[in-house]
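Reading the structure
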Amino acid sequence: MSTAIINGHNNSTEDFTKHVFGGGPDNAEKVVEENKTCGKILTVLAWGLVVLTMPFSLFVCFKVVQEYERAVIFRLGRLLSGGAKGPGIFFILPCIDAYARVDLRTRTYDIPPQEVLTKDSVTVSVDAVVYYRVSNATVSIANVENAHHSTRLLAQTTLRNIMGQRPLHEILSERESISQHMKALLDEATDSWGINVERVEIKDVRLPVQLQRAMAAEAEAAREARAKVIAAEGEQKASRALREASEVIGDSPAALQLRYLQTMSKICHGKFSTIVFPIPLNFVTPFMKDFKGLDLLKSNVVSDKNKEPLVPIAQ
Ligand SMILES: *[C@@H]1O[C@H](CO)[C@@H](O)[C@H](O)[C@H]1NC(C)=O
């Protein structure tokens, strides 16, 4: 900060800085050098201590981390160069070294059910699972106070945000893409914490009971409507087929006779059946030239009296 001010302004600012902070960049460099010297002395002392208490100091100095762990070591408050140590044995100096173990295994976080208001104002309860792991042990210790806790809180809020941006039908039908989107957002945000989000799975979307009923009714109505349309279409096709059949039959009178007899034989399956055998009108037309009611018969207005001779009954 102080250097920025000095570079941007004139000498009076420099004087001011010197006055307030007790010195300029020269002083800062001095402090760093003093620190280094001090650190060297302390390191030598620590080594001396180790050598003096030789067999026992080994118990303190050698540490072991598991295959899946790393140790981030701070010597006098500064990160030791060479990154995180491990797996296996590593060495620390007593009194001046502090270290933190970091577990690199994948962790599972079960996001508790979140009551979310969707974009179309429906309250749904959503829960999800997040799989994440530490990808860079040093960063996960140095850049964030508690990487796991932060990741979990962020996962919760991200879930709420994403669900709040979408309408209900999208939430129900596009879980896969929502998971992907959430994973991308989380991964990007946790990158600076040395956390790698591997997977996000949306477990469950629970709707209010009333809405469930309404949706069920809607689905039922839609299905019924479809069934009606299908039935109507079937009828249309059937009637068309019937018309074609009637046209074929109408083309030749013999076909009608055959069809007629076929129907008769179908009816006569049982042994005792009464058959009403109507004789076609054109059979008797030659004998009825003088019959007055013929015109009436032809126009299908048949009185009971006139019908009788046309319909002999066989048993
Ligand atoms: C962790 O991050 C630091 C700082 O960005 C980098 O120097 C180091 O190489 C990284 N370590 C690994 C294992 O990626």
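Residues numbered from 1 in each chain as written. Predicted model: local features only at pLDDT ≥ 70, side-chain atom pairs only at ≥ 80, totals over all residues. Heavy atoms only, no water.

1. Section: the overall build of the protein
Quick reminder of the rule: Numbering goes from the N terminus for both helices and strands, where a helix is a DSSP run of H or I of at least four residues and a strand is a run of E of at least two. The classification of residues rests on relative accessible area computed with a 1.4 Å probe and restricted to protein chains. Under 20% of the type maximum is buried, over 50% is exposed, and intermediate values are partly exposed. Any two residues whose heavy atoms approach within 4.5 Å at even a single point are treated as in contact. For every accessible area listed, the method is Shrake-Rupley and the probe measures 1.4 Å; residues are considered covered only by the protein chains on display.
A tally of helices and strands in the protein yields 13 helices and 10 strands. Residues classed as buried in the protein amount to 24% of the 315 residues present. Excluding contacts between residues fewer than 6 apart, the proportion of contacts in the protein whose partners are at least 24 apart in sequence is 63%. Of the accessible surface of the protein, which amounts to about 22100 Å², a share of 58% is contributed by carbon and sulfur atoms.

2. Points about the sheet that holds strand S5 (residues 97-103)
Note the threshold: Pairing between strands is defined by DSSP: at least two bridges between the two strands are required.
What the three strands build is an open sheet, ordered S3-S2-S5; its pairing is antiparallel. The open sheet terminates on both sides in strands that have one partner only, identified here as strand S3 (78-79) and S5.

3. Brief notes about a negative patch on the surface
The criterion, for reference: Only residues whose relative accessible area exceeds 30% and that form no salt bridge are eligible for patches; like-charged ones are grouped when within 9 Å, while nonpolar side chains (Val, Leu, Ile, Met, Phe, Trp, Tyr) are grouped when within 5 Å. Should a side-chain nitrogen of Lys or Arg be within 4 Å of a carboxyl oxygen of Asp or Glu, the pair is scored as a salt bridge. Lys and Arg are tallied as positive, Asp and Glu as negative. Neither His nor the chain termini are counted. Note on charges: their place is set at NZ of Lys, CZ of Arg, CG of Asp or CD of Glu.
Together, Asp-26, Glu-29, Glu-33 and Glu-34 line one region of the surface with negative charge. Turning to its location among the elements, Asp-26 is positioned in helix H3 (residues 25-52). On the basis of relative accessibility, which here comes to 54%, the residue Asp-26 falls in the exposed class.

4. Focus: a nonpolar patch on the surface
A contiguous nonpolar patch, built from Met-54, Leu-58, Phe-62, Val-64 and Ile-89 and spanning about 450 Å² of accessible area, is present on the exposed surface. Elements represented by at least two residues in the nonpolar patch include exactly helix H4 (54-61) and strand S1 (62-65). One can find Phe-62 in strand S1.

5. Let's talk about the confidence of the model for the protein
As a reminder, the rule being used: A residue's pLDDT is the confidence the predictor assigns to it, expressed on a 0 to 100 scale.
Across the protein, the average pLDDT comes to 83, with 80% of residues at 70 or higher. Within the model, pLDDT remains below 50 along residues 1-22, and this stretch shows 10 contacts once partners closer than five positions in the same chain are excluded. Low pLDDT, under 50, characterises residues 301-315; the predicted model gives this stretch 15 contacts beyond four residues in sequence or across chains.

6. Considering the sheet that holds strand S8 (residues 195-206)
Where we set the bar: The axes used here are C-alpha line fits, helices contributing only the stretch in contact, and every angle between their N-to-C directions lies in the interval 0 to 180 degrees.
With antiparallel pairing, three strands are arranged side by side in an open sheet as S6-S7-S8. Looking at which strands have only one partner, the edges of the open sheet turn out to be strand S6 (107-117) and S8. Going across the sheet, the axis of each strand differs from the next one's by a mean of 20°, ignoring polarity. Across the sheet, helix H8 (residues 175-190) lies against S6, strand S7 (123-134) and S8, angled at about 145° from S8, the strand it touches most.

7. Things to note about the UniProt feature "transmembrane region" (unreviewed entry) in the protein
Applied cut-off: UniProt positions are given in the numbering used here, feature names are shortened, and annotations may be inferred rather than shown by experiment.
Here the UniProt feature "transmembrane region" (unreviewed entry) sits at residues 44-65. Its end C-alpha atoms 26 Å apart, residues 44-65 is made of 77% helix and 18% strand.

8. A word on the layout of surface pockets
What counts here: With a 1 Å grid laid over protein atoms only, a set of points is called a cavity when a 1.4 Å probe fits there but cannot get out and a pocket when it is open yet has protein on both sides within 12 Å along at least five of seven lines; lining residues have an atom within 4 Å of a point. Grid points are joined across faces, edges and corners, and a volume is the space filled by probe spheres set on the points. Throughout, the ten residues Ala, Val, Leu, Ile, Met, Phe, Trp, Tyr, Cys and Pro are labelled nonpolar, Asp, Glu, Lys and Arg are labelled charged, and all others, Gly among them, are labelled polar.
Taken as a whole, the largest pocket encloses approximately 380 Å³ of empty space. Going through the elements one at a time, H3 and S3 are the ones with two or more residues in the lining of the largest pocket. No other element matches H3, which puts eight residues into the lining of the largest pocket. Across the lining of the largest pocket, the residue classes break down as six nonpolar, four polar and four charged.

9. A closer look at the pattern of salt bridges
Under the defined criterion, the tally for this structure stands at nine salt bridges. Residue Arg-75 pairs with Asp-97 through a salt bridge whose shortest N-O separation is 2.8 Å. Note that Arg-75 is positioned in strand S2 (residues 69-75) and Asp-97 in strand S5, a separation of 22 residues in sequence. In this structure, Arg-166 and Glu-170 form a salt bridge, with 3.3 Å as the shortest nitrogen-oxygen distance. Its relative accessible area of 22% is what places Glu-170 among the partly exposed residues.

10. Describing the packing of aromatic side chains
Where we set the bar: Here a pair means two rings of Phe, Tyr or Trp (six-membered ring of Trp) with centres within 6.5 Å. Their orientation is stacked below 30 degrees between planes, edge-to-face above 60, and tilted elsewhere. Throughout this description, the term charge over a ring refers to an Arg CZ or Lys NZ atom that lies within 6 Å of the ring centre and within 35 degrees of the ring normal.
The tally for this structure, following the rule as stated, stands at three aromatic pairs. Taking the centre distance of 5.2 Å and the plane angle of 70° together, the rings of Phe-62 and Phe-91 count as edge-to-face. With Phe-62 in strand S1 and Phe-91 in strand S4 (residues 88-91), this residue pair connects regions lying 29 residues apart in the sequence. When its relative accessible area of 40% is taken as the criterion, Phe-62 is described as partly exposed. Judged by centre distance (5.3 Å) and plane angle (70°), the rings of Phe-90 and Tyr-99 are edge-to-face. Taken together through their ring pairs, the aromatic side chains of Trp-47, Phe-62 and Phe-91 make up a single cluster. Just above the ring of Tyr-68 sits the side chain of Arg-105; from NZ or CZ to the centre is 3.7 Å.

11. With respect to the state of the cysteines
Note the cut-off: The criterion for a disulfide is a pair of cysteine sulfur atoms lying within 2.5 Å.
The final tally for this structure, using the stated rule, is zero disulfides. Looking at the unpaired Cys-95, the closest cysteine sulfur is the one in Cys-61, lying at 9.4 Å. Residue classification places Cys-95 among the exposed residues on the basis of a relative accessible area of 74%.

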